[in-house]
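Architecture and fold: a report
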Amino acid sequence: QVQLVESGGGLVQAGGSLRLSCAAFGAASGRAASLYAKAWFRQAPGKEREFVAAINWNGGDTTYADSVKGRFTISRDNAKNTVYLQMNSLKPEDTAVYVCAAGPTMFVVRTNANYWGQGTQVTVST
């Protein structure tokens, strides 16, 4: 079984930065959790969950939602079993619960992720 634990959320002023972390534990289907493709999603109050960014198992491939491209960077350190989301130039519309997800490939993690964390709240004030 794969467990994902997010941290790093908080309150920040518009224009500020935050770095989220997603620590992965366990294994499934013969693969350590740290080697799964990972993605970040977010859900604002009253809105549907939306994709933010994804990264493949070794960090060699990444993809972003248009709304965060150029401001957010996803990365990973497999030695630390952790994926990061560096968020710069934050806007009030970035306010949401950010959730980490894992899957065997980038396509799966974006469309039908196998595992989900509990989420961390990010609030951007004006």
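See the structure above.
Residues numbered from 1 in each chain as written. Predicted model: local features only at pLDDT ≥ 70, side-chain atom pairs only at ≥ 80, totals over all residues. Heavy atoms only, no water.

Quick notes on the pairing of strand S9 (residues 82-87)
- With five of six residues buried, S9 is to be regarded as a mostly interior element.
- Summarising the sheet, strand S3 (residues 18-28) and S9 pair through six bridges and their orientation is antiparallel. Residue leucine 20 lies in a different strand from S9, and its bridge partner there is leucine 85.
- Pairing of strand S8 (residues 72-77) with S9, which is carried by six bridges, proceeds in the antiparallel orientation. Note that in S9 the partner of aspartate 77 across the bridge is threonine 82.
- Between S8 and S9, which pair antiparallel one after the other, the connecting turn spans four residues, and asparagine 81 there sits at a positive phi close to 55°. (Buried < 20%, exposed > 50% of the residue type's maximum accessible area, 1.4 Å probe, protein only. Helix = DSSP H or I, 4+ residues; strand = E, 2+ residues; numbered from the N terminus. Pairing = 2+ DSSP bridges.)

Here we look at the nonpolar core
- Membership of the largest hydrophobic core comes to 40 residues, with the highest contact counts inside it found for Trp40, Leu85, Met87 and Tyr98.
- In this structure, tyrosine 98 is in contact with Glu6, Leu20, Trp40, Phe41, Arg42, Val52, Phe72, Leu85, Met87, Gly119, Thr120 and Val122, ignoring residues within four places of it in sequence. (Core = buried A, V, L, I, M, F, W, Y, C linked by side-chain atoms within 4.5 Å. Contact = heavy atoms within 4.5 Å.)

Re the side chain of serine 21
- Relative to the helices and strands, serine 21 is located in strand S3.
- On the accessibility criterion, serine 21 (16% relative accessible area) is buried.
- In this structure serine 21 touches Val5, Glu6, Ser7, Trp40, Thr82, Val83 and Tyr84, once residues within four positions along its chain are discounted.

A word on the environment of valine 109
- Relative to the helices and strands, valine 109 resides in helix H1 (residues 106-112).
- For valine 109, a relative accessible area of 0% gives the class buried.
- Between the alpha carbons of valine 109 and arginine 31 there is a distance of 15 Å; along the sequence they are 78 residues apart.
- With sequence-adjacent residues up to four places away left out, valine 109 is seen in contact with Ala37, Lys38, Ala39, Phe41, Ala54, Ala101, Ala102 and Gly103.

Section: the pattern of salt bridges
- Applying the stated criterion to the full structure yields four salt bridges.
- Note that arginine 42 is salt-bridged to glutamate 50, the shortest N-O span being 2.6 Å.
- Judged by its relative accessible area of 5%, arginine 42 falls in the buried class.
- Residues arginine 71 and aspartate 94 are paired through a salt bridge, measuring 2.7 Å at the closest nitrogen-oxygen approach. Highlighted residues: arginine 71 in the loop between strand S7 (62-64) and S8 and aspartate 94 in the loop between S9 and strand S10 (96-103), separated in sequence by 23 residues.
- In this structure, a network of salt bridges that share partners links the residues Arg42, Glu50, Arg71 and Asp94. (Salt bridge = Lys/Arg side-chain N within 4 Å of Asp/Glu carboxyl O.)

The values are spatial; any link to function lies outside them.
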